[in-house]
Amino acid sequence: SEIETVKGRNICDVSTSQIGVSWILSSDSARAICNVRVMPNTTYSLSFEDISGIDGMFFGQKVKATDTNVINGMTQITANRQITTTSTTNWLCIQFNKANISLSDIEAIKLQVEKGSTITNYVPYDNIQIINTGKNLFDKDNVIANNRFGSDGTLYAENGYSASYF
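These lines cover the structure that appears in this document, whether it is placed above or below. None of the values given here were measured: they were computed from a predicted structure.

### Re the overall build of the chain
Item 1. Looking only at helices and strands, the chain features one helix and 12 strands.
Item 2. When the helices and strands of the chain are placed in sequence order, the string is β-β-β-β-β-β-β-β-α-β-β-β-β.
Item 3. Taking all 166 residues of the chain together, the buried fraction comes to 33%.
Item 4. By sequence separation, contacts in the chain at least 24 residues apart represent 68% of the contacts at least 6 residues apart.
Item 5. Here the chain displays about 9600 Å² of accessible surface, and carbon together with sulfur accounts for 48% of that area.

This is the structure in structure tokens:
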């Protein structure tokens, strides 16, 4: 079957999280932020598997990742949810709270941000999806009996083999 590979649906790269920084970009050892590039006026699903290892998780919308203010304030995340961005939003800022937080604390959450209103099973950021399109490339009507293809693509007569061009 013909297959297609596409970039994974999780757009949240937690490995880029800024440890020891709050959403207002000030130093804070009990905070970390992860900025996720998004589109204005678009719905995103935010989901996670386990937040028991941190004290809290919040999100806010920003025009620029470097903004020290957010649109409509920060909102606590206690359950999977949908977020619809404003007309000026270009970034989601996700803040994680825990004393002496580390990247492994954040990775353990298995946070996923994906475009659309449907929450799907977690996949790591930049995961490649393989999609089977169902198209069969084998053409059974053009099988050449008692022949085989060499490694150079040349067709050789040989009993016991069958060959077909795709």
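### Some words on the nonpolar core
Item 1. Formed by 22 residues in total, the largest nonpolar core has its most connected members in V36, L46, M57, I94, F96, L111 and V113.
Item 2. The set of elements that each furnish at least two residues to this core consists of β3 (27-37), β4 (43-47), β5 (56-62), β8 (91-97) and α1 (103-109).
Item 3. Ignoring anything within four residues of it in the chain, the contact list for L111 reads N10, C12, V14, L46, S47, F48, M57, I94, F96 and Y122.

### Structural notes on the side chain of S45
Item 1. Summarising the element assignment, S45 is placed in strand β4.
Item 2. Overall, the relative accessible area of 0% leaves S45 in the buried class.
Item 3. Setting aside chain neighbours within four positions, we find S45 in contact with R81, Q82, Q112, V113, E114, G116, S117, T118 and I119.

### A look at unusual backbone geometry
Item 1. Even without being glycine, N41 reaches a positive phi, approximately 50°.
Item 2. With respect to the secondary-structure elements, N41 resides in the loop between β3 and β4.
Item 3. Residue classification places N41 among the exposed positions, given a relative accessible area of 56%.
Item 4. Positive phi outside glycine occurs at K110, with the angle close to 55°.
Item 5. What makes K110 partly exposed here is its relative accessible area of 35%.

### Notes on the side chain of Q112
Item 1. Structurally, the position occupied by Q112 is in strand β9 (residues 112-115).
Item 2. Polar contacts involving the side chain of Q112 include one to the main-chain carbonyl oxygen of N121, which spans 3.4 Å.
Item 3. Excluding residues within four positions of it along the chain, Q112 makes contact with R9, N10, S45, L46, S47, T120, N121, Y122 and V123.

### Here's the deal with the sheet that holds β4
Item 1. Spatial strand order, β7-β4-β9: three strands in an open sheet with antiparallel pairing. In the strand order of this sheet, the two ends are held by β7 (81-84) and β9, each with one partner. Each neighbouring strand pair of the sheet contributes to a mean axis angle of 25°, computed without reference to strand direction.
Item 2. As judged from the four bridges shared by β4 and β7, these two strands associate in the antiparallel manner. By the bridge assignment, L46 is partnered in β7 with R81.

### Comments concerning the sheet that holds β3
Item 1. Read from one edge of the open sheet, five strands run β2-β3-β8-β5-β6, paired in antiparallel fashion. A strand with exactly one partner marks an edge of an open sheet, and here the two such strands are β2 (18-21) and β6 (71-76). Shown here is a sheet whose adjacent strand axes are inclined to one another by a mean of 25°, direction ignored.
Item 2. Judged from the seven bridges that link them, β3 and β8 form a sheet pairing that is antiparallel. Note that in β8 the partner of V36 across the bridge is L92.

Calculation rules
Residues numbered from 1 in each chain as written. Predicted model: local features only at pLDDT ≥ 70, side-chain atom pairs only at ≥ 80, totals over all residues. Heavy atoms only, no water. Helix = DSSP H or I, 4+ residues; strand = E, 2+ residues; numbered from the N terminus. Buried < 20%, exposed > 50% of the residue type's maximum accessible area, 1.4 Å probe, protein only. Contact = heavy atoms within 4.5 Å. Areas by Shrake-Rupley, 256 points an atom, 1.4 Å probe, with all protein chains shown as cover. Core = buried A, V, L, I, M, F, W, Y, C linked by side-chain atoms within 4.5 Å. Polar contact = N/O pair within 3.5 Å; in protein donor to acceptor, adjacent residues only side chain to side chain. Pairing = 2+ DSSP bridges. Axes fitted to C-alpha atoms, helices over the stretch in contact; angles between N-to-C directions.

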